[in-house]
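Coordinate analysis (summary)
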Amino acid sequence: MSILALNDNSLLKTQSYINGQWVDADSGKTFDVTDPATGHIIAKVADLGAIETRHAIEMAEQAMQSWKKKTAKERSVLLRKWFDLVIANQDDLALIMTAEQGKVFSESKGEVAYGASFIEWFAEEAKRIYGDVIPNTTADRRSIVIKQPIGVVAAVTPWNFPNAMITRKAAPALAVGCAIVLKPAAETPLSALALAELADRAGIPAGLFNVVVGQNAPEIGAELTSNPIVKKFTFTGSTPVGKLLMQQCAKTVKRTSMELGGNAPVLVFADADIDKAVDGAIAAKYRNAGQTCICANRIIVQDSIYATFVEKFTAKVNTFNLGNGFESSTTLGPLITAKAAANVDSLVVDARAKGATVTTGGKIDSMGDTFYQPTVIANLSDDMRIAKEEIFGPVAPIFSFSTEEEAIAMANATEFGLASYLFTQDIARVWRVSEAIDYGMVGINEVSISSEVIPFGGMKESGQGREGSKYGLDDYLEIKYICMGDL
Ligand code: SIN
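Please read these numbers as outputs of a predicted model, since none were measured by experiment. (Residues numbered from 1 in each chain as written. Predicted model: local features only at pLDDT ≥ 70, side-chain atom pairs only at ≥ 80, totals over all residues. Heavy atoms only, no water.)

Looking at the packing of helix H1 (residues 50–67) against helix H7 (residues 217–226)
The N-to-C vectors of H1 and H7 enclose an angle of 30 degrees; their axes lie 9 Å apart at closest approach. Comparing the axis directions of H1 and H7 gives the class roughly parallel. Crossing hand, H1 versus H7: right-handed. Facing H1, whose interface residues are Ala 50, Thr 53, Arg 54 and Ile 57, H7 presents Glu 219, Ile 220, Glu 223 and Leu 224. Here the residues of the contact of H1 with H7 sort into four nonpolar, one polar and three charged. (Axes fitted to C-alpha atoms, helices over the stretch in contact; angles between N-to-C directions. Helix = DSSP H or I, 4+ residues; strand = E, 2+ residues; numbered from the N terminus. Parallel < 35°, antiparallel > 145°, perpendicular 65-115°, else oblique. Left-handed = near helix turned anticlockwise from the far one by under 90°. Contact = heavy atoms within 4.5 Å. Nonpolar A, V, L, I, M, F, W, Y, C, P; charged D, E, K, R; others polar.)

Looking at the site of the ligand
Around the ligand, a shell composed of Tyr 114, Asn 160, Phe 161, Met 165, Arg 168, Glu 259, Arg 287, Thr 292, Cys 293, Ile 294, Ser 450 and Phe 456 is seen. In the environment of the ligand, an oxygen atom lies 2.7 Å from a nitrogen or oxygen atom belonging to the side chain of Tyr 114. Here Glu 259 contributes a side-chain N or O atom positioned 3.1 Å from an oxygen atom of the ligand. Of the residues belonging to the shell around the ligand, the class tally is six nonpolar, three polar and three charged. Here the shell around the ligand spans two domains, and each of domain 1 (3–260 + 462–482) and domain 2 (264–451) adds at least three residues to it. (Near = heavy atom within 4 Å. Polar contact = N/O pair within 3.5 Å; in protein donor to acceptor, adjacent residues only side chain to side chain. Domains from an automatic or database assignment.)

What to know about the packing of helix H12 (residues 404–412) against helix H13 (residues 427–436)
Taken N-terminus to C-terminus, the directions of H12 and H13 make an angle of 30 degrees; their axes are 10 Å apart at the nearest point. Our classification of the angle between H12 and H13 gives roughly parallel. For H12 against H13, the interelement crossing comes out right-handed. Taken together, the residues of H13 that come into contact with H12 (itself represented by Glu 404, Ile 408 and Asn 412) are Arg 429, Arg 432, Val 433 and Ala 436. Considering only residue class, the contact of H12 with H13 consists of three nonpolar, one polar and three charged.

Overview of a nonpolar patch on the surface
Judged by side-chain polarity, Ile 482, Met 484 and Leu 487 come together as a nonpolar surface patch covering roughly 260 Å² of accessible area. Summarising the element assignment, Met 484 is placed in strand E22 (residues 477–484). (Patch = residues over 30% accessible without salt bridge, like charges linked within 9 Å, V, L, I, M, F, W, Y side chains within 5 Å. Areas by Shrake-Rupley, 256 points an atom, 1.4 Å probe, with all protein chains shown as cover. Salt bridge = Lys/Arg side-chain N within 4 Å of Asp/Glu carboxyl O.)

Notes on the pattern of salt bridges
What the rule picks out here adds up to 25 salt bridges. Its salt-bridge partner being Asp 475, residue Lys 232 comes within 3.9 Å of it at the nearest N-O pair. Taken together, the residues span a long stretch of sequence, with Lys 232 in strand E10 (residues 230–236) and Asp 475 in the loop between strand E21 (463–464) and E22 at a distance of 243 residues. Taking the relative accessible area as the measure of exposure, Asp 475 reaches 13% and is therefore buried. A salt bridge links Asp 271 to Arg 429; the nearest nitrogen and oxygen atoms lie 2.7 Å apart. (Buried < 20%, exposed > 50% of the residue type's maximum accessible area, 1.4 Å probe, protein only.)

Some words on the domain arrangement of the chain
Per the domain assignment, the segments making up the chain are domain 1 (3–260 + 462–482) and domain 2 (264–451). The distance between the C-alpha centroids of domain 1 and domain 2 comes to 31 Å. Of the residues lining the interface, 26 residues belong to domain 1; the matching set on domain 2 comes to 25 residues. Counting the surface lost from both domain 1 and domain 2, the interface buries some 2000 Å², and carbon and sulfur atoms represent 61% of this. Its largest share of buried area at the contact with domain 2, domain 1 owes to Val 104, Trp 159 and Ser 462, together 25% of the area lost on that side. Counting the contacts that link domain 1 with domain 2 gives zero salt bridges. Secondary-structure elements contributing two or more residues to the side of domain 1 that touches domain 2 are helix H3 (90–101) and helix H4 (105–125). At five residues, the largest contribution of residues to the side of domain 1 that touches domain 2 is made by H3. For the side of domain 1 that touches domain 2, the residue count by class is twelve nonpolar, eight polar and six charged. (Buried area = accessible area lost by both parts, 1.4 Å probe.)

Concerning the side chain of Asp 35
Relative to the helices and strands, Asp 35 is located in the loop between strand E3 (30–34) and strand E4 (41–46). The side chain of Asp 35 sits in the buried core without any salt bridge; Lys 103 is the nearest counter-charge, 13 Å away. A distance of 2.8 Å separates a polar side-chain atom of Asp 35 from the backbone nitrogen of Ala 37. Look past the residues within four positions of Asp 35 in its chain and what remains in contact with it is His 40, Ile 42, Thr 98 and Ala 99. (Lys, Arg positive; Asp, Glu negative; His and termini not counted.)

Shown next as structure tokens:
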């Protein structure tokens, strides 16, 4: 019996989904999924390992053989049904998400819709995979390019977006004719399993969408990255883990796409609309309690408006309501684990010790060890850990700069290059700065930059490949050149 008040309790699954079957671990082992806000156990889920992962990969390969021969339109019809079912079950999926991830319920509902949008988008977009006819160098030849599904895809997804990071990979893979084996984060497997239940109900054939849940990420990851059947590996998570997985994939030369860490700067120029910049920087910082790869990690403000900006920013942050994501009054939820909150705190302690000023918050709240107070820090310097590390929590460090050149240099002084934001009213500056900063995504006077129609991805050590948009299909396709001679 579910402890969640779902409309449809059969969406709460505790077994893995392989080849259209709900399965336990061969070992019979299970592990607990807990609510980060209360520490309560929500479910005991089957704890699978390498053997079951290998089986899932083999089944995926079999299932793909007929799936890849279907027309894009036939595949699209089934994906559309999956999309419709996700939307029809939005509330239940959001309840499951808030329970296992902690995010505020309205944000969970938003993520379910965001996740579904990738299914709808790729169901349509795969109908438009065109090839080429290449003008030849000799008269007796014709050269043609066709695009084919790359093969079995393996995916490892994170806990911060337990739904959307799955659909952003699974939908393009399935839409072009691939099968996928997914390992969701052990913290948030229930959202992934609910998606599998809905894929099953939509009639997506057995073996195409497999979800292998297990606590032993290195063991499952080793199978996904070494099995020669897998032709493409896609990962969203930290840069150190991404590097390791890329090394593992190199042995069988798998195609990889990596959506890794970020260190997003928000550059606020003195000519910006300061109130809009404050609101934007707050939205960019505190979404999902600061636990996104594109969250503002360094707010960098021109010195002439620095004091006013810090004052206005702090006043707004003081209106946040920290609490359980299920309470309607809550505007900021807990962090995923007590360890995550302790790590965020260590960054604040380090900054304070080196002379920074905490203008509000600054510690783990008495509400519980996963609750970090919404925090603002001013008067920072480069030697502080918070200037370089991804915070992944509700802490806003506000730096200052004096010239545009300095702002660009500060923005680029990181190995990361995922999202960046810029607030200014000067159109010439918009172009100069956008072109000078090394980021895959640049938001101008706008921080809500994600959607299914845009190419999401980073430069430098933030990863490779793009997800969403027309470009999001490329990573799941092989280009084949056919030369017809003797004509
Ligand atoms: C992420 O943080 O990994 C994804 C954020 C988004 O899709 O907006």
